Amino acid sequence: MPLLGGVRPPIAALLVVLLAVAATTVVLLRDQERATVDSAVLTLQERIAEDGALSLRASLDESVTDLRRAARSFDTAGDRSDAQILDGLDAAYDKWRGKAVIDPARGTLLAASGETIPLDSTGDRRTVDGVIQPKLVRLGTGETRVLAFAPLAARRGAGPRLLVTSGTLSVPTAASGDSRATAVLGPDGAVLAANGPEPARKALLAAGGPLANAEDDGTGKAPAGSRAVVHGGERHATGHGAIAAADGERATPAQGLGLTVATAVRVDDSPVALSTQIFGLACAGLLIAVALLISLLLYLFLQRPLLRLYGESRRLAGGDLARAVTVPRFGEGARIGHALERLRLRLLGAPHDALPGPARRRVGAGFVLALCAVLVLLWSLPLLFLVQRGDRTVSVPRRLVADQQLRTDTVAARVRKALGEGYADLAAVAQTVGDLEPAAVGEALERMREESKRYRSLYVVRNGTVTARSGDLPQDAAIGAVPAGRGQAAGGEAAKGPGGGEEQGKAPGGGEQEGTAPGGGEQGGKAPSGGEHAGQDRAGRVVQVNTFGKEPVIAAYAAVPGQRDVTVVGEFGPQFLVTLVSRPGMGRVHLVDAGRRIIAADSREGFLAFDRLSGHGLDRLTQEVARAHRSRSRVVRGEPTVITAAAPLKGTGATRELDWQVVSTRPGTWTTLPEYVAQRRTMLAGLLGSAAAVACLGWLHIVVVRPLRSLAAHAENLADGDRRTVLFPQHHDEVGAVMRTMELIRQQIHEEPRTRIPTPHERN
């Protein structure tokens with residue numbers, strides 16, 4: 001018989017696999033080494049550093065893009081003096097410390113405003129794909145500046161000019177409490193900017209090489225990592241993330257600076273030492289007992305009866321009819337044994353009427369397999385659903401909760417800042433719209449929409465009529481919200497900084513001071529068509545236009561200086577908001593408006609526009625945040641245990657009417673806390689046991705049980721007198737061997753019996 005055929009290989013494989021699962025269970029549930037800091041806390045520091053690197057990259061790239069766009073706008077607007085160019089730049093943006101126009105050929109200064117720019121640092125410029133890359137400059141005071149460049153068209157009778165700006169390299173992640181430090185490291189590992197307490201800063205330096213030598217691996221993903229550091233008798237968790245292009249994107253100007261964001265925080269929570277080894281040994285011992293019991297059942301009720309039937313059928317086919325057939329007591333084996341006995345009597349010449357009837361059908365081999373499956377499930381199902389549940393025993397570190405709140409604050413700041421930058425771009429275009437021809441206005445809008453990727457529609461509204469457009473058709477509600485009969489000067493409220501007038505504006509490093517939260521309530525989200533805000537001046541604002549519909553409409557309005565009833569409007573695309581709130585490792589993230597209606601969610605979650613938040617006490621949490629005007633976080637116990645956090649946008653400039661909040665919900669099962677690690681490993685052991693049982697018992701059902709049922713049916717039909725059906729073996733195994741011998745018996749029935757049993761009359 002073949003090695004892999006028949007009843008023996010599946011039974012042996014099931015025993016071996018279950019023993020292997022038992023050994024795997026011991027390995028999975030062994031005691032873990034006591035860590036200095038919980039791995040969940042370490043992983044979160046890496047995520048926080050990556051958030052900072054993303055914010056820093058976006059801010060630096062935006063600074064370069066804004067400067068190039070502004071330079072093109074000034075070139076298109078006509079012949080302007082150098083001083084007028086700098087004044088226009090001041091009116092549109094408040095992000096740069098110093099601005100200058102220089103002669104790149106001679107290196108001479110043509111005009112300047114703000115902080116003095118070191119001209120000797122502007123000569124060595126690096127260009128990639130026609131774009132002058134930003135560079136880092138160390139001032140004599142030890143401070144670091146980021147220089148950005150944009151070419152200007154040559155004026156009549158003069159050579160080309162170069163627009164240069166300098167900005168601070170601010171730390172992108174705000175300090176959390178008194179124990180976190182965040183630093184921006186240069187390519188050589190030197191600290192270029194840092195905040196936070198001195199002990200945490202020293203812990204960053206003590207973290208050593210990984211923070212200073214994070215290099216791009218060529219995959220387009222930012223190299224990152226984390227480690228625990230003990231410094232000064234205190235435990236710190238450190239993480240780092242290098243600036244790199246996002247997945248699927250080209251390398252950006254900021255990536256060429258070779259910067260790394262690193263963070264360190266003191267950890268006061270003691271790591272949990274969870275002991276699971278005794279539980280693992282008990283589970284493994286129980287599984288070994290189950291495996292041995294299953295093997296015994298399959299041997300007694302399946303393998304041994306089948307082998308005996310094979311021997312009996314060979315004896316009958318060989319002509320040994322003197323001894324009665326040994327009939328198994330159970331299932332298909334009993335049916336086949338009774339049929340063989342009837343065939344033996346038929347070969348001895350007994351008349352058909354004198355033969356015993358067929359065996360009564362009882363539960364068969366399928367019941368044995370089902371019983372074996374139940375035994376395995378009784379072991380695996382508790383591991384999958386009942387025992388070692390982390391929600392019942394988990395101790396969530398306070399640091400984990402605080403850092404979830406910090407990341408939620410960071411996302412809120414990212415949303416606020418991105419919307420403010422969107423308004424600042426509109427304000428920059430508004431500075432030049434009045435000097436452009438109608439055709440050139442459309443080209444400028446189209447160019448800005450293609451570069452920024454944040455707008456679905458850009459257009460100019462004059463007296464309620466769209467005169468130039470780029471992108472999708474404007475929303476009627478957004479057009480209706482354009483202010484009527486008002487005009488603003490360039491230096492007025494519509495011309496505040498990139499954060500829409502926030503305290504620090506959009507610094508290249510991404511750092512910004514938190515403003516106080518607005519008390520605007522829901523009024524910014526109501527449709528102007530309702531009449532409540534008819535005639536209200538929306539210029540210089542980012543406005544939520546609707547509170548119901550298929551998708552939220554968010555628009556920014558910038559008045560054209562010196563012209564009444566002319567406004568540049570930009571409608572933000574819904575996917576733009578989704579991109580802003582999507583960050584790995586945060587769980588489910590939602591952006592809600594003043595009425596706590598969902599207007600955006602992370603890309604993995606999806607959302608129904610203007611749906612309400614539900615579950616985990618989120619309504620109560622958002623109400624507390626709205627009253628306190630500051631972020632909050634909490635742990636909601638249950639199954640599962642969830643870490644929730646909410647943070648307001650707290651805008652004071654262009655976003656001052658947006659009483660929005662970012663709400664995050666992170667199930668504890670998504671973390672690497674020891675309790676949940678033990679739960680996942682326990683579930684894995686149960687899953688492996690179930691999979692092994694299904695695979696081997698399924699194999700046994702296919703190659704043994706189903707053919708055995710077919711053999712039993714054919715044997716009973718032959719014993720009942722069906723001599724025409726030829727019996728063909730389908731497999732070369734024990735069942736096939738019995739089928740072949742029964743075919744020989746069928747052929748012998750056509751011949752005369754060798755002996756005939758005498759009747760009672762003949763005996764007399």
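Keep in mind it's a predicted model, so treat the numbers as computed, not measured.

J.: Got a minute to help me understand the overall build of the chain in this structure?
T.: Scanning the chain from terminus to terminus reveals 17 helices and 22 strands. Taking the intrachain contacts of the chain between residues at least 6 apart in sequence as the baseline, contacts between residues at least 24 apart amount to 67%. Total accessible area computed for the chain in this model is approximately 33000 Å², and 53% of it derives from carbon and sulfur atoms.

J.: Would you take a moment to explain helix H1 (residues 8-28) for this structure?
T.: Given 3.6 residues per helical turn, the α-helix brings residues three or four places apart onto the same face. Here H1 contains 21 residues, and its C-alpha end-to-end distance of 30 Å stays within 8% of the 30 Å for a straight helix at 1.5 Å per residue. All of the buried residues along H1 are Pro-9, Pro-10, Ile-11, Leu-14, Leu-18, Val-21, Ala-22, Thr-25 and Leu-28. Packing partners of the buried residues in H1 comprise helix H6 (277-317), helix H8 (365-385) and helix H15 (674-719).

J.: Can you walk me through empty space enclosed by the protein in this structure?
T.: Leftover empty space is mapped by rolling, across the atoms, a probe with the size of a water molecule. Under the counting rule described, the total for this entry stands at 11 cavities of 30 Å³ or more. Taken as a whole, the largest cavity holds about 80 Å³ of empty space. Those elements that place two or more of their residues in the lining of the largest cavity are H6 and helix H7 (331-347). Looking at which element gives the most residues to the lining of the largest cavity, the answer is H6, with 5 residues.

J.: I keep staring at the packing of aromatic side chains and nothing clicks. Help me out?
T.: Remark: the centre distance and the inter-plane angle together describe each pair of aromatic rings, the angle taken between the planes. In the structure shown here, the tally under the stated rule is 4 aromatic pairs. With a centroid separation of 5.5 Å and an interplanar angle of 65°, the aromatic rings of Phe-301 and Phe-330 are classed as edge-to-face. Of the two residues, Phe-301 is situated in helix H6 and Phe-330 in the loop between H6 and H7; the sequence distance between them amounts to 29 residues. Residue Phe-330 is classed as partly exposed on the basis of its relative accessible area, which comes to 24%. Aromatic ring contacts, followed pair by pair, group Tyr-455, Phe-572 and Phe-576 into a single cluster.

J.: In this structure, what is going on with the side chain of Thr-276? I would like to understand it.
T.: Mapped onto the elements of the fold, Thr-276 is located in the loop between strand S12 (260-266) and H6. The exposure class of Thr-276 is buried, given its relative accessible area of 6%.

J.: Whenever I open this one, the nonpolar core confuses me. Can you help?
T.: The nonpolar side chains of a soluble globular protein tend to be buried, and buried together. In this structure, Ile-294, Leu-298 and Met-742 are the most contacted members of the largest nonpolar core, which totals 60 residues. Counting residues per element, the ones that place at least two in this core are H1, H6, H7, H8, H15 and helix H16 (734-749). Broken down by element, this core gets its largest block of residues, 15 residues, from H15. Once residues lying within four places of it in the same chain are set aside, the contact partners of Leu-298 are Ile-11, Leu-14, Gln-303, Val-368, Leu-369, Cys-372 and Leu-700. The next biggest cluster of nonpolar side chains, apart from the first, holds 46 residues, and it includes Val-415, Val-460, Ala-556 and Ile-599.

J.: Just checking my understanding: could you explain the packing of H7 against H16 for this structure?
T.: Angle between the axes and distance between the axes: these two values describe a pair of packed helices. Following both chains from N to C, one finds H7 and H16 inclined at 30°, their axes separated by 10 Å at the closest point. The angle between H7 and H16 places the two elements in the roughly parallel class. Of the two possible hands of crossing, H7 and H16 adopt the one that is left-handed. On the side of H7, the interface is formed by Leu-340, Leu-343 and Leu-347, while H16 contributes Met-742, Ile-745, Gln-748 and Ile-749. Looking at the contact of H7 with H16, its residues break down into 6 nonpolar, 1 polar and no charged.

J.: Would you mind going over the sheet that holds strand S16 (residues 554-559) with me for this structure?
T.: Backbone hydrogen bonds hold the strands of a sheet together, and the pairing may be parallel or antiparallel. Read from one edge to the other, the open sheet built from 5 strands follows the order S14-S13-S17-S16-S15, with strand pairing classed as antiparallel. Strands at the two margins of the open sheet, each flanked by one partner only, are strand S14 (465-471) and strand S15 (541-544). For this sheet, the mean inter-axis angle between neighbouring strands, taken without regard to orientation, is 20°. Note: S15 against S16, 4 bridges, orientation antiparallel. Residue pairing across strands places Arg-541 opposite Tyr-557, the latter belonging to S16. Together, strand S13 (455-462), S15, S16 and strand S17 (566-572) form the strand contacts of helix H10 (residues 398-433), whose direction differs from that of S16 by roughly 35°. Here helix H11 (residues 438-452) sits on the sheet in contact with S13, S14 and S17, set at roughly 155° to S13.

J.: Help me understand the pattern of salt bridges, please; the structure alone is not making it clear to me.
T.: One pass over the full model with this rule turns up 39 salt bridges. With its nearest N and O atoms 3.0 Å apart, the salt bridge here joins Asp-403 to Arg-399. Taken together, the residues span about one helical turn, with Asp-403 and Arg-399 both in helix H10 at a distance of 4 residues. You'll find Asp-403 and Arg-399 in the same group, each marked buried. For Arg-449, the salt bridge is made with Glu-446, and the minimal N-O distance between the two is 3.2 Å.

J.: Mind showing me how you'd approach the environment of Lys-202 here?
T.: By the secondary structure assignment, Lys-202 is in helix H4 (residues 198-206). Using a relative accessible area of 40% as the deciding quantity, one classes Lys-202 as partly exposed. Between the C-alpha atoms of Lys-202 and Ala-181, which are 21 residues apart in sequence, the distance is 9.2 Å.

J.: Looking at this structure, I do not really get the pairing of strand S6 (residues 144-152). What am I missing?
T.: Within S6, 8 of the 9 residues are buried, which leaves the element mostly enclosed by the surrounding structure. Inspection of the sheet shows strand S5 (residues 135-138) paired to S6 by 4 bridges, in the antiparallel sense. When the sheet's bridge partners are listed, Leu-136 is paired in S6 with Val-146. In textbook terms, the turn of a hairpin is the stretch between consecutive antiparallel strands, and for S5 and S6 this stretch comprises 5 residues, one of which, Gly-142, has a positive phi near 95°.

J.: I tried to follow the environment of Gln-475 on my own but got confused; where do I start?
T.: The residue Gln-475 is located in the loop between S14 and helix H12 (476-480) in this model. According to the relative accessible area criterion, Gln-475 is partly exposed, its value standing at 31%. Excluding its chain neighbours within four sequence positions, the residues that come into contact with Gln-475 are Arg-456, Tyr-459, Val-553 and Glu-571.

J.: What is the right way to look at the pairing of strand S2 (residues 108-114) in this model?
T.: For a regular strand, the rule is simple: side chains alternate between the two faces of the sheet. Bridge count between strand S1 (residues 98-103) and S2: 6 bridges; the pairing is antiparallel. Across the sheet, residue Ile-102 finds its bridge partner in S2, namely Leu-109. Between S1 and S2, which pair antiparallel and follow one another directly, the connecting turn spans 4 residues, one of which, Gly-107, has a positive phi of 75°.

J.: How should I be thinking about the side chain of Lys-95 in this particular structure?
T.: Here Lys-95 lies in the loop between helix H3 (82-92) and S1. A polar side-chain atom of Lys-95 sits 2.4 Å from a polar atom in the side chain of Asp-66.

J.: What should I look at first to understand the packing of H7 against H15 in this one?
T.: H15 packs onto H7 with a crossing angle of 25° between their chain directions and a minimal axis gap of 9 Å. In terms of orientation, H7 and H15 fall into the roughly parallel class. Judged by the sense of rotation from one axis to the other, the crossing of H7 with H15 is left-handed. Between H7 and H15, the contacting residues are Glu-332, Arg-335, Ile-336, Ala-339, Arg-342 and Leu-343 on the first element and Leu-708, Arg-709, Leu-711, Ala-712, Ala-713, Ala-715, Glu-716, Leu-718 and Ala-719 on the second.

J.: How should I be thinking about the sheet that holds strand S19 (residues 598-601) in this particular structure?
T.: Ordered in space as S19-S18-S22-S21-S20, the 5 strands form an open sheet in which the pairing is antiparallel. Where the open sheet ends on each side, the last strands, each with one partner, are S19 and strand S20 (632-636). Put simply, the sheet's adjacent strands are angled 20° from each other on average, direction ignored. As judged from the 5 bridges shared by strand S18 (residues 588-592) and strand S22 (residues 661-667), these two strands associate in the antiparallel manner.

How each quantity is defined
Residues numbered from 1 in each chain as written. Predicted model: local features only at pLDDT ≥ 70, side-chain atom pairs only at ≥ 80, totals over all residues. Heavy atoms only, no water. Helix = DSSP H or I, 4+ residues; strand = E, 2+ residues; numbered from the N terminus. Contact = heavy atoms within 4.5 Å. Areas by Shrake-Rupley, 256 points an atom, 1.4 Å probe, with all protein chains shown as cover. Expected span 1.5 Å × (residues − 1). Buried < 20%, exposed > 50% of the residue type's maximum accessible area, 1.4 Å probe, protein only. 1 Å grid on protein atoms, 1.4 Å probe; cavity = no way out; pocket = protein on both sides within 12 Å on 5 of 7 lines; lining within 4 Å. Points joined across faces, edges and corners; volume = space filled by probe spheres on them. Phe/Tyr/Trp six-rings, centres within 6.5 Å; stacked < 30°, edge-to-face > 60°. Core = buried A, V, L, I, M, F, W, Y, C linked by side-chain atoms within 4.5 Å. Axes fitted to C-alpha atoms, helices over the stretch in contact; angles between N-to-C directions. Parallel < 35°, antiparallel > 145°, perpendicular 65-115°, else oblique. Left-handed = near helix turned anticlockwise from the far one by under 90°. Nonpolar A, V, L, I, M, F, W, Y, C, P; charged D, E, K, R; others polar. Pairing = 2+ DSSP bridges. Salt bridge = Lys/Arg side-chain N within 4 Å of Asp/Glu carboxyl O. Polar contact = N/O pair within 3.5 Å; in protein donor to acceptor, adjacent residues only side chain to side chain.

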